[in-house]
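Below, each chain spelled out in residue letters.
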Amino acid sequence: MSNKLKIILTFIGLSLISTGMPVFVMQAINYYHISQNSAGTLELFSDFPKLIASFIMFTVLIKVGFRRSLILTYIVFILVCLIVPFINTINSLRAYIIISGLVFVIIKIIAYSSVGLVTKNDREHASLINLMEALYTTGSIVGLWLYSGFIHVMPEEWNRVFWAFAGVSSLLLIMWFFTKFDESQIEKQEELPLIEQFKGIGFLLNRGFLIFALLLASYETLEMGIGSWLPYFNSGILELPEALSIQIASFLAIGIALGRFAGTFILRYVKWYKMFAVSLAIAIVLTALILSNIHHGVGKDVQSIFNAPLIAFGIPLLGFFIGPIYPTLASLLLTSTPKAQHALITSVIMVLCAIFDSGSAKIIGVLFADLGGVKAFAFATLVPLGILFFFLFPYKKSTEERTSKEG
């Protein structure tokens, strides 16, 4: 089995086990009968471990080695998945959320860091990262349907879904246990003292990284910020039924997945900045036209997704044009730095994503209250799209300069 395929399968497995938070909040209230306020804190059991682990985990992974770290991680996670359904309390669910958050950090750092070990050039690197993220988004949708199936078939024993995750993880454990993985390119980094591992953090002061952080914040506002508020926008502004509002909002994730699949192939033949310049220009014009033609209550008489107004699918369509942006930007940052620092850089990216995700959702909430839904969405989409468009070429220049220095 090729190393590329192993990384891809590992990332798909990650998508299945890391998408349950909306389900956990619902089940915490309906199944475990805790208050809405308490259910609202479940996210913290995932976010805090992720933030803390992201700061320090890369050093452990480099010291232990990627393959051995994955094997140990799967062993612990499988045991947790097998035990939780037997305990079946809100605290066991919280324990699962904590462990799955740590598993997410470990696997994503290893997967992203390993891409540089199995690809030959920048285009191949960006293409593989886009494919991984496209499959991750697709796997996330499958994961939610898996939860839905268990809740429908066995509502009182729904958390046996964790046994399915244990089964998937067992297959991945067997795959990594019985196959080899060449990590020779980072062996020198493994031998460095702990303090030396952190010296690579100096790249944070690089102009290219600061531009990357700005672009990442803009992208996360579009995917996570808009994504978080889109169901409410559909319900509160378009006045679609709540269930239908969620269904139509899910097309944003589907669009992102399709955009990343497209980027996987297009980036092999077209320069990334040319592709983004075209897609962002289309996205800006499309979004401006959509938001200028949205009227309050346009969906109040709609009862089915099949007779929903086309305008309701406009914002979700944005996902197709922005989908490849995050994985490509991350790939460019990674390929412009030494492979030994990829674990550190991935850790920092994850920390920034967690901060930007939370911050963007809160900012859009303030805009909703102050400006109203349509104006809030106009500001939260057109401004980030404009930043992404105008900073493409400065980021291109900075990554090229850094690559030439490292080369």
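The preceding data block contains the structure.
Residues numbered from 1 in each chain as written. Predicted model: local features only at pLDDT ≥ 70, side-chain atom pairs only at ≥ 80, totals over all residues. Heavy atoms only, no water.

**What to know about the packing of helix 11 (residues 207-236) against helix 15 (residues 325-335)**
Turning to step 1, where the next piece is worked out: At their nearest, the axes of helix 11 and helix 15 sit 10 Å apart, and the two run at 165° to each other. The orientation of helix 11 with respect to helix 15, classified from their angle, is roughly antiparallel. Seen along the crossing, helix 11 lies across helix 15 with a hand that is left-handed. Here F209, F212, L215, L216, Y219 and E220 of helix 11 lie close against helix 15, whose contacting residues are I325, Y326, L329, A330 and L333. (Axes fitted to C-alpha atoms, helices over the stretch in contact; angles between N-to-C directions. Helix = DSSP H or I, 4+ residues; strand = E, 2+ residues; numbered from the N terminus. Parallel < 35°, antiparallel > 145°, perpendicular 65-115°, else oblique. Left-handed = near helix turned anticlockwise from the far one by under 90°. Contact = heavy atoms within 4.5 Å.)

**Things to note about the pattern of salt bridges**
Turning to step 1, where the next piece is worked out: Here the structure, examined in full by the defined rule, presents five salt bridges.
Turning to step 2, where the next piece is worked out: Between E124 and K4 there is a salt bridge, with its nearest N and O atoms 2.2 Å apart. Of this pair, E124 sits in helix 7 (residues 122-153) while K4 sits in helix 1 (residues 3-17), placing them 120 residues apart in sequence.
Turning to step 3, where the next piece is worked out: Linked by salt bridges that have partners in common, K108, E133, E223 and R260 make up one network. (Salt bridge = Lys/Arg side-chain N within 4 Å of Asp/Glu carboxyl O.)

**Observations regarding the layout of surface pockets**
It is the rolling of a water-molecule-sized probe over the atoms that shows where space remains empty.
Turning to step 1, where the next piece is worked out: A volume near 280 Å³ is recorded for the second largest pocket.
Turning to step 2, where the next piece is worked out: Lining the second largest pocket are 16 residues; nearest its centre among them are D122, R123, K271, W272 and L332.
Turning to step 3, where the next piece is worked out: Broken down by secondary-structure element, the contributors of at least two residues to the lining of the second largest pocket are helix 7, helix 13 (272-292), helix 15 and helix 18 (392-406).
Turning to step 4, where the next piece is worked out: Of the residues belonging to the lining of the second largest pocket, the class tally is six nonpolar, five polar and five charged. (1 Å grid on protein atoms, 1.4 Å probe; cavity = no way out; pocket = protein on both sides within 12 Å on 5 of 7 lines; lining within 4 Å. Points joined across faces, edges and corners; volume = space filled by probe spheres on them. Nonpolar A, V, L, I, M, F, W, Y, C, P; charged D, E, K, R; others polar.)

**Structural notes on the packing of aromatic side chains**
Turning to step 1, where the next piece is worked out: This structure, assessed with the given rule, holds 27 aromatic pairs.
Turning to step 2, where the next piece is worked out: Here Y219 and Y326 contribute two aromatic rings whose centre-to-centre distance is 6.1 Å and whose plane-to-plane angle is 20°, an arrangement assigned as stacked. Within this pair, whereas Y219 is found in helix 11, its partner Y326 is found in helix 15, the two being separated by 107 residues in sequence. Of the two residues, Y219 and Y326, both sit in the buried class. (Phe/Tyr/Trp six-rings, centres within 6.5 Å; stacked < 30°, edge-to-face > 60°. Buried < 20%, exposed > 50% of the residue type's maximum accessible area, 1.4 Å probe, protein only.)

**Focus on empty space enclosed by the protein**
Turning to step 1, where the next piece is worked out: One pass over the full model with this rule turns up two cavities of 30 Å³ or more.
Turning to step 2, where the next piece is worked out: Quantified by volume, the second largest cavity comes out at close to 30 Å³.
Turning to step 3, where the next piece is worked out: Breaking the lining of the second largest cavity down by element, the ones donating at least two residues are helix 1 and helix 6 (90-118).
Turning to step 4, where the next piece is worked out: The element that contributes the greatest number of residues to the lining of the second largest cavity is helix 6, accounting for four residues.
Turning to step 5, where the next piece is worked out: Residue classes in the lining of the second largest cavity are distributed as six nonpolar, two polar and no charged.

**Remarks on the side chain of S398**
Turning to step 1, where the next piece is worked out: Mapped onto the fold, S398 is located in helix 18.
Turning to step 2, where the next piece is worked out: The buried category is assigned to S398, whose relative accessible area is 6%.
Turning to step 3, where the next piece is worked out: A distance of 2.9 Å separates the side chain of S398 from the backbone oxygen of Y395, its partner in a polar contact. (Polar contact = N/O pair within 3.5 Å; in protein donor to acceptor, adjacent residues only side chain to side chain.)

**So, a nonpolar patch on the surface**
Turning to step 1, where the next piece is worked out: A contiguous nonpolar surface patch, about 790 Å² in accessible area, is contributed by L72, I75, L79, L82, I83, F86, I87 and W163.
Turning to step 2, where the next piece is worked out: Examining the composition of the nonpolar patch, we find that seven residues originate from one element, helix 5 (residues 66-87), more than from any other.
Turning to step 3, where the next piece is worked out: Structurally, F86 is set in helix 5.
Turning to step 4, where the next piece is worked out: The class for F86 is exposed, based on a relative accessible area of 67%. (Patch = residues over 30% accessible without salt bridge, like charges linked within 9 Å, V, L, I, M, F, W, Y side chains within 5 Å. Areas by Shrake-Rupley, 256 points an atom, 1.4 Å probe, with all protein chains shown as cover.)

**Some remarks on the side chain of S140**
Turning to step 1, where the next piece is worked out: Positionally, S140 belongs in helix 7.
Turning to step 2, where the next piece is worked out: Those residues in contact with S140 that lie beyond four places of it in its chain are S15 and T19.

**A look at the environment of S304**
Turning to step 1, where the next piece is worked out: You can see S304 is positioned in the loop between helix 13 and helix 14 (314-322).
Turning to step 2, where the next piece is worked out: Residues S304 and N130, spaced 174 residues apart in sequence, show a C-alpha to C-alpha distance of 33 Å.

**Focus on the packing of helix 7 against helix 8 (residues 161-177)**
Turning to step 1, where the next piece is worked out: The geometry of helix 7 relative to helix 8 is characterised by a closest axis approach of 9 Å and an angle of 135° between their N-to-C directions. Comparing their axes, helix 8 and helix 7 come out oblique. Together, L146, Y147 and F150 of helix 7 and V161, F162, A164 and F165 of helix 8 make up the contact between the two elements.
Turning to step 2, where the next piece is worked out: Here the contact of helix 7 with helix 8 is built from residues that sort into seven nonpolar, no polar and no charged.

**Points about the nonpolar core**
Turning to step 1, where the next piece is worked out: Counting residues in hydrophobic clusters, the biggest one holds 126 residues, and the most contacted among them are F24, Y96, M132, F162, F165 and F233.
Turning to step 2, where the next piece is worked out: No other element matches the 16 residues that helix 6 contributes to this core.
Turning to step 3, where the next piece is worked out: For F24, the contacting residues outside a window of four places in its chain are L42, L93, Y96, I97, Y147, W158 and F162. (Core = buried A, V, L, I, M, F, W, Y, C linked by side-chain atoms within 4.5 Å.)

**Quick word on the environment of V298**
Turning to step 1, where the next piece is worked out: Relative to the elements of secondary structure, V298 occurs in the loop between helix 13 and helix 14.
Turning to step 2, where the next piece is worked out: Here the alpha-carbon distance between V298 and I110, two residues 188 residues apart in the chain, equals 46 Å.
Turning to step 3, where the next piece is worked out: Filtering out sequence-adjacent residues up to four positions away, V298 remains in contact with L238, P309 and I311.

**Regarding unusual backbone geometry**
Excluding glycine, residues mostly carry a negative phi; peptide bonds, for their part, are mostly trans.
Turning to step 1, where the next piece is worked out: Residue H33 is not a glycine yet carries a positive backbone phi of 60°.
Turning to step 2, where the next piece is worked out: The topology assignment puts H33 in the loop between helix 2 (21-30) and helix 3 (36-39).
Turning to step 3, where the next piece is worked out: Residue H33 is classed as exposed on the basis of its relative accessible area, which comes to 64%.
Turning to step 4, where the next piece is worked out: Look at N88: it is not a glycine, yet its phi comes out positive at around 55°.
Turning to step 5, where the next piece is worked out: As for its placement among the helices and strands, N88 is situated in the loop between helix 5 and helix 6.

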